[in-house]
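Here are the chains, one letter per residue:
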Amino acid sequence: MYRSHSCGELRESHIGQTVTLSGWVAKTRDKGFVVWVDLRDRYGITQLVLDEDRTNAELLEQARNLGREFVIQIKGEVIERASKNANIPTGNIEVLVSELTVLNESKTPPFTIENETDGGEDLRMKYRYLDIRRNPVKNNLIFRSKVAMEVRKFLSGEGFIEVETPYLIKSTPEGARDFVVPSRMNEGQFYALPQSPQTFKQLLMVGGLDKYFQIVKCFRDEDLRADRQPEFTQIDCEMAFVEQEDILNVFENLTKYLLKEVNGVEIDSFPRMTYDDAMTKYGNDKPDIRFGMEFAELNAIAQHKEFGVFNSAELVVGIAVPGVAEYTRKELDALINWVKRPQIGANGMVYVKCNEDGSFKSTVDKFYDQDDLAKWAEATGAKPGDLICVLSGDANKTRTQLSALRMEMATRLGLRKPNEFAPLWVVDFPLLELDEETGHYHAMHHPFTSPKPGQLELLDTDPGAVRANAYDLVLNGNEIGGGSIRIHDKDMQATMFKHLGFTPEEAKAQFGFLMEAFQYGAPPHGGLAFGLDRLVAILGGQETIRDFIAFPKNNSGRDVMIDAPAPIDNAQLKELSLKLDIDLK
Ligand code: ASP
């Protein structure tokens, strides 16, 4: 038996018992006549003690020679600790060692295995298995497991069954590039790894399974924008005989359940906002509604004066930033420079200081008198002490810029509290999105999403105006998940493909199996998928999903620990009938 207890288990009630423990040497402290060893495992740390009075000389010497991260097994008696440590649960006791076996030695680790480590990100990723021994990483993985467990508990309680779908498939369009896998047995042919199980879960509905879920890996070959992973995990769901409202209810309840079980937080407000409202009020389809600073469109009151910049703008829009009217000239100039950075891209910013005495001081006093500015204050809801920030220009771009400013100011003012949660649904998304570069429309969600009833005709006349039965779950300014009511009619699906620029032949080649299935009694159905990595990170009050993934990839999509991707040898290439046409440097 390697152990009778874990390293996190022993308390004063165990005093006098003889125990066996196994674990890693976190630290040894050698005071000459006495040696202490901190023994660590997943469950905690227990202090071991050996001294000249009570331990034989050979054993004491053995303890002195233990290196960091040696794996050892000890036997000893639990005794009361002279100087107690209130910071750890085992801090009242220690184990007086009578036997010690080194189970495995360890090289000196390349960084310290402590909560605060001296190892940089790259080094920790290369030795991720050592990083996982550290509490912050280990606790995140335990947290993730708990969230996944609660998801399974809730969904099975609601009658969902978990079904696995294949990884070696054909392209499922979710808007990214596919990872492809060459087939040896089918020369010159390739599988695609699923960007999501979308078509399979729809086929499961045709198969009559009624309520499906799966915690599943998805693969998308995208340029890795900040905090994305090429393989990530979804909580993927689909239901038959449902309308949008049925789905929103189930997953609203799942979200509430998780916040309660995992964070102990009761949510009573779960608003629904249309996409159009989200864009006009927050300039963003995933608004953080934990704080105000709602947009106020000022065209009607700010245009038609002498200020040319506003007069020529499609949109003039402002927010009232609470309590920063006293910003110095230097701070205000810095803020203007912030919005003018290329990442944000504003041409400039007009501001109005709402003074405590009720007067206003603005950068455009030449064009607007106190009465004008009072109207701006009223529209933005600004109070004395607030700063009104106004941007103008092309409507879409200006909204995006002001949204970035709103989030920045909220961060600076500490309004984005990690332990405060404000979920909402954003509904009625546009069905199609114009690709500015190609001038073509593509599906905003995916090509299987159904337009709102009665809007089909608009597809020919004003495709950008068609709204979809599509929805996103947003939490604290992050898109946690999204889904839609699907098309279940073969002809409507064919029409949709046509509008997305597929020829009938292309549609058949790529999605013939789905259209075929729709001819055999496909029920009305819909569903959604949550991003598990992001959900876990937010519930865990942290920013980066990498911290909640055991073996993540870096920003170049590499696993630096196993050193992948890697070349394959010629024999393997030949077997796959592949020839490389690249200059290997
Ligand atoms: N397959 C979709 C996605 O990955 C989710 C859904 O529509 O259910 O975003």
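The following paragraphs examine the structure supplied in this document. (Residues numbered from 1 in each chain as written. Predicted model: local features only at pLDDT ≥ 70, side-chain atom pairs only at ≥ 80, totals over all residues. Heavy atoms only, no water.)

## As for the pattern of salt bridges
It is possible for side chains of opposite charge to pair when their charged atoms get near one another. For the structure shown, the criterion picks out 39 salt bridges. For Arg144, the salt bridge identified is with Asp533, shortest N-O distance 2.8 Å. Residue Arg144 is found in helix H4 (residues 135–157), and its partner Asp533 is found in helix H16 (residues 532–539); the two are separated by 389 residues along the sequence. (Salt bridge = Lys/Arg side-chain N within 4 Å of Asp/Glu carboxyl O. Helix = DSSP H or I, 4+ residues; strand = E, 2+ residues; numbered from the N terminus.)

## Considerations on the sheet that holds strand E3 (residues 44–51)
Hydrogen bonds along the backbone pair up the strands of a sheet, which may run parallel or antiparallel. As summarised here, the arrangement of the five strands in space is E1-E2-E3-E5-E4, forming a closed barrel in which the pairing is mixed. On average, each strand axis in the sheet is inclined to that of its neighbour by 55°, with strand direction left out of account. Pairing geometry for strand E1 (residues 18–30) and strand E2 (residues 34–41), over six bridges, is antiparallel. Counterpart to Trp24 in the pairing with E2 is Arg40. Strands in contact with helix H1 (residues 57–64) are E1, E2, E3 and strand E5 (93–104); relative to E5, the strand with the most contacts, it is inclined by about 75°. (Pairing = 2+ DSSP bridges. Axes fitted to C-alpha atoms, helices over the stretch in contact; angles between N-to-C directions. Contact = heavy atoms within 4.5 Å.)

## Observations concerning the side chain of Arg399
As for its position among the elements, Arg399 is in helix H12 (residues 395–412). Take Arg399: its relative accessible area is 14%, and that puts it in the buried class. Sequence-distant contacts of Arg399, that is, excluding residues within four places in its chain, are made with Met279, Thr280, Gly283, Phe295, Glu297 and Leu315. (Buried < 20%, exposed > 50% of the residue type's maximum accessible area, 1.4 Å probe, protein only.)

## A word on the packing of helix H5 (residues 198–206) against helix H15 (residues 504–517)
How two helices sit against one another is set out by the angle between their axes and by the gap between those axes. Here H5 crosses H15 at 20°, and the two axes come no closer than 10 Å. Classified by the angle their axes make, H5 and H15 are roughly parallel. H5 and H15 meet at a crossing whose hand is left-handed. Between H5 and H15, the contacting residues are Thr199, Gln202, Leu203 and Val206 on the first element and Phe513, Leu514 and Ala517 on the second. Broken down by class, the residue content of the contact of H5 with H15 amounts to five nonpolar, two polar and no charged. (Parallel < 35°, antiparallel > 145°, perpendicular 65-115°, else oblique. Left-handed = near helix turned anticlockwise from the far one by under 90°. Nonpolar A, V, L, I, M, F, W, Y, C, P; charged D, E, K, R; others polar.)

## Comments concerning a negative patch on the surface
The grouping of Glu314, Asp394, Glu436 and Glu437 at the surface amounts to a negative patch. With respect to the secondary-structure elements, Glu437 resides in the loop between strand E18 (432–434) and strand E19 (441–443). (Patch = residues over 30% accessible without salt bridge, like charges linked within 9 Å, V, L, I, M, F, W, Y side chains within 5 Å. Areas by Shrake-Rupley, 256 points an atom, 1.4 Å probe, with all protein chains shown as cover. Lys, Arg positive; Asp, Glu negative; His and termini not counted. Charge placed at Lys NZ, Arg CZ, Asp CG, Glu CD.)

## Side note on the site of the ligand
Surrounding the ligand, one finds 14 residues, the nearest of these being Glu174, Gln198, Lys201, His445 and Arg486. Between Arg220 and the ligand, the recorded distance is 3.0 Å, taken from a side-chain N or O atom to an oxygen atom. His445 is positioned such that a nitrogen or oxygen atom in its side chain is 2.8 Å from an oxygen atom of the ligand. Of all the elements in the fold, those that place two or more residues in the shell around the ligand are H5, strand E21 (478–485) and strand E22 (525–531). It is E22 that contributes the most residues to the shell around the ligand, three residues altogether. Of the residues that constitute the shell around the ligand, the class distribution is two nonpolar, eight polar and four charged. (Near = heavy atom within 4 Å. Polar contact = N/O pair within 3.5 Å; in protein donor to acceptor, adjacent residues only side chain to side chain.)

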